[in-house]
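Coordinates in review
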Amino acid sequence: MAKRKNNSVQKLIGFEKFTKYGIKTDRSEIAFFSVEPTNISVLSAANIETKIHHLMTLLSTIPDLEIIALDSCECFDGNKNYVKKRLEIEENEAIRKLLRSDYDFLDEIQTEMSSARQFMFAIRFRREKDEQIFNIINRVGKSVSEHGFSAIKMTKPEIKRMLALYFGTSMTGDEIPDIEGEECMEVTENV
């Protein structure tokens, strides 16, 4: 029984709990900032170069700042590969037509969502106390803003959504309950 308890996904990734500032893992506490992306396709070469310079300066100012880039919705590659394999072995032409239609639909959705990216900055804390973490987060937020980036500290529901998308537990990033199965339980008051 004890061995089974240590084999949880939570234990595997080192996740311990949500904190006031982000998440706590077995090695550190991590605070996340959601960064509003810049559409560089409409910027001039000089403006793009300036943005890159600002990012380089920011990263040299805060060397512990980590950059995270994720799809803001689930990837459909696994589903497309499954449909493709089914197409190769399916003999019934009516079903092959449906499978081709499914494949085209998945391809279209993935193309539409290919530009849907989510960018984050993360900062890790190893031994800092709450007051120190609070001050560092404020300093990081100010520095990010001063370097021309719009970033907001992520809340618990936003972090949960990001983790749900990353670990593939939600295609759309629907919020995951704090306790698995709590939506199925009926709470009654003892009178």
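Please refer to the structure placed before this passage.
First things first, this report covers the structure right here in the doc. (Residues numbered from 1 in each chain as written. Predicted model: local features only at pLDDT ≥ 70, side-chain atom pairs only at ≥ 80, totals over all residues. Heavy atoms only, no water.)

What follows deals with the overall build of the protein chain. Across its full length, the protein chain holds seven helices and six strands. Counting from the amino terminus, helix and strand elements in the protein chain follow one another as α-α-β-β-β-α-β-α-α-β-α-β-α. In the protein chain, buried positions account for 26% of the 191 residues. Of all intrachain contacts in the protein chain linking residues separated by at least 6 positions in sequence, the fraction that spans at least 24 positions is 66%. (Helix = DSSP H or I, 4+ residues; strand = E, 2+ residues; numbered from the N terminus. Buried < 20%, exposed > 50% of the residue type's maximum accessible area, 1.4 Å probe, protein only. Contact = heavy atoms within 4.5 Å.)

A word on the pattern of salt bridges. Counted according to the given criterion, the structure contains six salt bridges. Notably, a salt bridge pairs Asp107 with Lys80, separated by 2.8 Å at the nearest N-O pair. One end of the pair, Asp107, is in helix 5 (residues 93–113); the other, Lys80, is in helix 4 (residues 77–89), and 27 residues separate them in sequence. The class of Asp107 is partly exposed, set by a relative accessible area of 34%. Lys80 sits in the buried class, given a relative accessible area of 11%. For Arg100, the salt bridge is made with Glu93, and the minimal N-O distance between the two is 3.3 Å. Here Arg100 falls in the partly exposed class, since its relative accessible area comes to 34%. (Salt bridge = Lys/Arg side-chain N within 4 Å of Asp/Glu carboxyl O.)

With that out of the way, let us pick up the nonpolar core. One finds Leu58, Phe121, Ile123, Phe125, Ile137 and Val140 to be the most contacted residues of the largest nonpolar core, which totals 16 residues. Contributions of two or more residues to this core are made by strand 3 (29–35), strand 5 (117–125) and helix 6 (130–146). Ranked by the residues each element gives to this core, the list is headed by helix 6, at five residues. Setting aside residues no more than four positions away along its own chain, Ile137 makes contact with Tyr21, Ala31, Phe33, Phe125 and Lys153. Judged by nonpolar contacts, the second largest core, of ten residues, contains Leu70, Met120, Ile159 and Met162. (Core = buried A, V, L, I, M, F, W, Y, C linked by side-chain atoms within 4.5 Å.)

For the structure on display, the rule yields two aromatic pairs. Look at Phe121 and Phe149: their rings are 6.2 Å apart centre to centre, the planes differ by 90°, and that puts the pair in the edge-to-face class. Of this pair, Phe121 sits in strand 5 while Phe149 sits in the loop between helix 6 and strand 6 (151–153), and the two are 28 residues apart along the sequence. The residue whose ring lies beneath Lys51 is Phe149, and the NZ or CZ to ring-centre distance is 4.8 Å. (Phe/Tyr/Trp six-rings, centres within 6.5 Å; stacked < 30°, edge-to-face > 60°. Lys NZ or Arg CZ within 6 Å of the ring centre and 35° of its normal.)

End to end, helix 6 covers 24 Å across 17 residues, agreeing with the expected 24 Å (1.5 Å per residue, within 8%). Here helix 6 has its buried residues at Ile133, Ile136, Ile137, Val140, Ser143 and Val144. In an axial view of helix 6, the angular spread of the buried residues amounts to 135°, which keeps them on one side of the axis. Exposed residues pointing more than 90 degrees away from the buried face of helix 6 are listed as Glu131, Arg139, Lys142 and Glu146. (Expected span 1.5 Å × (residues − 1). Arc of directions from axis to C-beta.)

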